[in-house]
Amino acid sequence: MGKLFPTGGAIRERAPPGADILRLVRLRAHLVLLVVIALAPVLLFSVGVVVINVRQEREAVERGLVGTARALAQALDRHLSESIATLQALAVSQHLRADDLRGFHEYASRVVSIQDSWRSVFLADVTGQLLLTTFRPYRTPLPSIADRDYFQGVMVSRRPVVSDYLVGRVAQDHAVIIAVPVFRDRDVRYVLAASLDLADLGGIFGQQRVPSDWTGAILDRGKRIIARSRTPERFLGQPATSTLAWRSAEASEGSFWDVTKEGSPSFGVFSRSTLSQWTVVLGVPASEVQAAARRSLWLMVGSGLLFLGLGVGLAVAAARRIARPIAALARSAEAL
């Protein structure tokens, strides 16, 4: 009787109906994983490049802003130097040489009328007693300024002195003072001073074309606000923020992240004046500084996702073309 089955052979089970589909899915998954693994180093490299570029761009922005603050400090020094030179010219007038205080009062009043940056001129003797001020008629009784730091500074140094923020004793208003000595035979005979218009000091921000949404400020040596580009009337004489006061005390130039007096996040830079030791500050809205970094980041993320999606799509398409012949060969092998 013939054998129905070949001897020594095992009966091979036919693959279940869904095995081909399972093989196709596995092959496609492996190809997609291969693409992702191949793209991962490129994406990580791109992230590193973007981070470095963002950092370099921010440093470039910071250097540019510090340069702007430095230019503003130099403009402030020129402004103060002009006032000092004018006061020194007044100090050698014939009226003072002849002790003609009435004539000097009239002459100084004419000078003040053509000086946009001055509010008044006043004269004190070596004891600190005010002798005249263009803010009041001649012979008006006036207080002493003997305890003022700028007066004592002139008497000790015998050189021009720029004061910090103060409230004037005659005008009772916000003021900063420039004072110079008046010599007679090499001795100090008088102290001549001018009260500066703080609004005019704040005008340097407009002259240097500082954008209107930026905040410019000038701080005295005590870190009090003596000029501001935005709503100065609200903040004159107030202390700077603690972050700004700390940073500007430890360095002559620098940058910092802070919140403005109005409560807006900002990126600030500062530079100290060499003449007055006042500090010029610029505050830029934080969103404006971070905008470039966000654009670069979104460009990197969008490009990465685009290329990843493109790679996955190509992998799936390639998997189909590769997997179908392989699945057909697998079926043929099983049938054989």
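Residues numbered from 1 in each chain as written. Predicted model: local features only at pLDDT ≥ 70, side-chain atom pairs only at ≥ 80, totals over all residues. Heavy atoms only, no water.

Asker: How would you summarise the overall build of the protein if you had to cite specific residues and measurements?
Answerer: When helices and strands are counted, the protein shows eight helices and twelve strands. Out of the 336 residues in the protein, the part that is buried amounts to 39%. In the protein, once contacts between residues fewer than 6 apart in sequence are set aside, the share between residues at least 24 apart is 56%. Entry remark: accessible area of the protein is about 19300 Å², with carbon and sulfur atoms responsible for 58%. (Helix = DSSP H or I, 4+ residues; strand = E, 2+ residues; numbered from the N terminus. Buried < 20%, exposed > 50% of the residue type's maximum accessible area, 1.4 Å probe, protein only. Contact = heavy atoms within 4.5 Å. Areas by Shrake-Rupley, 256 points an atom, 1.4 Å probe, with all protein chains shown as cover.)

Asker: Summarise the environment of Phe205; cite the residues concerned and give the values.
Answerer: Relative to the helices and strands, Phe205 resides in helix H5 (residues 198-207). Overall, Phe205 belongs to the buried group, its relative accessible area being 2%. For the pair Phe205 and Ala75, spaced 130 residues apart in sequence, the C-alpha to C-alpha distance is 9.6 Å. Aside from chain neighbours lying at most four places away, what touches Phe205 is Leu72, Val210, Gly216, Ala217, Ile218, Ser229, Val280, Val281 and Leu282.

Asker: Outline the side chain of Ser83, listing residues and values.
Answerer: Along the chain, Ser83 falls in helix H1 (residues 19-91). Since its relative accessible area comes to 2%, Ser83 is described here as buried. Discounting residues that sit within four places of it in the chain, Ser83 has contacts with Ser117, Trp118, Ile178 and Leu196.

Asker: Requested: an account of the pattern of salt bridges, with residues and values cited.
Answerer: Taken as a whole and assessed by the stated rule, the structure comprises nine salt bridges. Arg119 is the salt-bridge partner of Asp173, the closest N and O atoms lying 2.8 Å from each other. Highlighted residues: Asp173 in the loop between strand S4 (166-167) and strand S5 (174-175) and Arg119 in strand S1 (residues 118-125), separated in sequence by 54 residues. The class of Arg119 is partly exposed, set by a relative accessible area of 34%. Between Asp220 and Arg224 there is a salt bridge, with its nearest N and O atoms 3.3 Å apart. Salt bridges sharing common partners tie together Asp99, Arg184 and Arg189. (Salt bridge = Lys/Arg side-chain N within 4 Å of Asp/Glu carboxyl O.)

Asker: Could you give an account of helix H7 (residues 242-250), naming the residues involved and the relevant values?
Answerer: Buried within H7 we find Leu244, Arg247 and Ser248. Projection of H7 onto a plane perpendicular to its axis shows the buried side chains occupying an angular sector of 95°, all on one side. Pointing more than 90 degrees away from the buried face of H7 are the exposed residues Ser242, Trp246 and Ala249. Contacts made by the buried residues of H7 are with strand S8 (215-219), strand S10 (253-259), strand S11 (265-272) and strand S12 (279-285). (Arc of directions from axis to C-beta.)

Asker: Lay out the packing of aromatic side chains with the relevant residues and their values.
Answerer: The tally for this structure, following the rule as stated, stands at three aromatic pairs. For the ring pair Phe122 and Tyr150, a centre distance of 6.5 Å and an interplane angle of 65° mean the geometry is edge-to-face. A residue pair is termed long-range when its members are at least 10 positions apart, and Phe122 in strand S1 and Tyr150 in helix H4 (residues 149-157) qualify at 28 residues. The buried category is assigned to Phe122, whose relative accessible area is 9%. Look at Tyr150 and you get buried, because its relative accessible area is 5%. On the basis of an interplanar angle of 40° and a centroid distance of 6.3 Å, the ring pair of Phe256 and Phe270 is categorised as tilted. Of this pair, Phe256 sits in strand S10 while Phe270 sits in strand S11, and the two are 14 residues apart along the sequence. As far as the burial class goes, Phe256 and Phe270 line up, both buried. (Phe/Tyr/Trp six-rings, centres within 6.5 Å; stacked < 30°, edge-to-face > 60°.)

Asker: If you had to explain the sheet that holds strand S9 (residues 225-228) to someone new, which residues and values would you point to?
Answerer: Each strand in a sheet pairs with its neighbour through backbone hydrogen bonds, running either in the same direction (parallel) or in the opposite one (antiparallel). The strand order S9-S8-S12-S11-S10 describes an open sheet built from five strands, whose pairing is antiparallel. Looking at the sheet topology across the chains shown, the edges are occupied by S9 and S10. Neighbour-to-neighbour, the strand axes of the sheet open up by a mean angle of 25°, direction not taken into account. With three bridges joining them, S8 and S9 adopt antiparallel strand pairing. Along S9, the bridge assignment pairs Leu219 with Ile225. The sheet strands contacting H5 are S8, S9 and S12, and the helix crosses S8 at an angle near 130°. Lying over the sheet, H7 contacts S8, S10, S11 and S12, oriented at roughly 170° with respect to S10. (Pairing = 2+ DSSP bridges. Axes fitted to C-alpha atoms, helices over the stretch in contact; angles between N-to-C directions.)

Asker: Give a detailed account of the sheet that holds strand S7 (residues 187-196), specifying residues and quantitative values.
Answerer: Pairing within the open sheet is antiparallel, and its five strands lie in the order S2-S1-S7-S6-S3. Lying at the two open borders of the sheet, with one neighbouring strand each, are strand S2 (130-133) and strand S3 (161-162). Where S3 and strand S6 (residues 177-184) come together, two bridges link them in antiparallel fashion. Residue Val162 lies in a different strand from S6, and its bridge partner there is Ile178.

Asker: Which residues make up the nonpolar core, and what are the values?
Answerer: Residues Trp118, Leu192, Ile218 and Trp278 are the most contacted members of the largest nonpolar core, which totals 49 residues. Broken down by element, the residue count for this core peaks at eleven residues, all from H1. Of all hydrophobic cores here, the second largest spans 15 residues; its members include Phe151, Val154, Val161 and Ala179. (Core = buried A, V, L, I, M, F, W, Y, C linked by side-chain atoms within 4.5 Å.)

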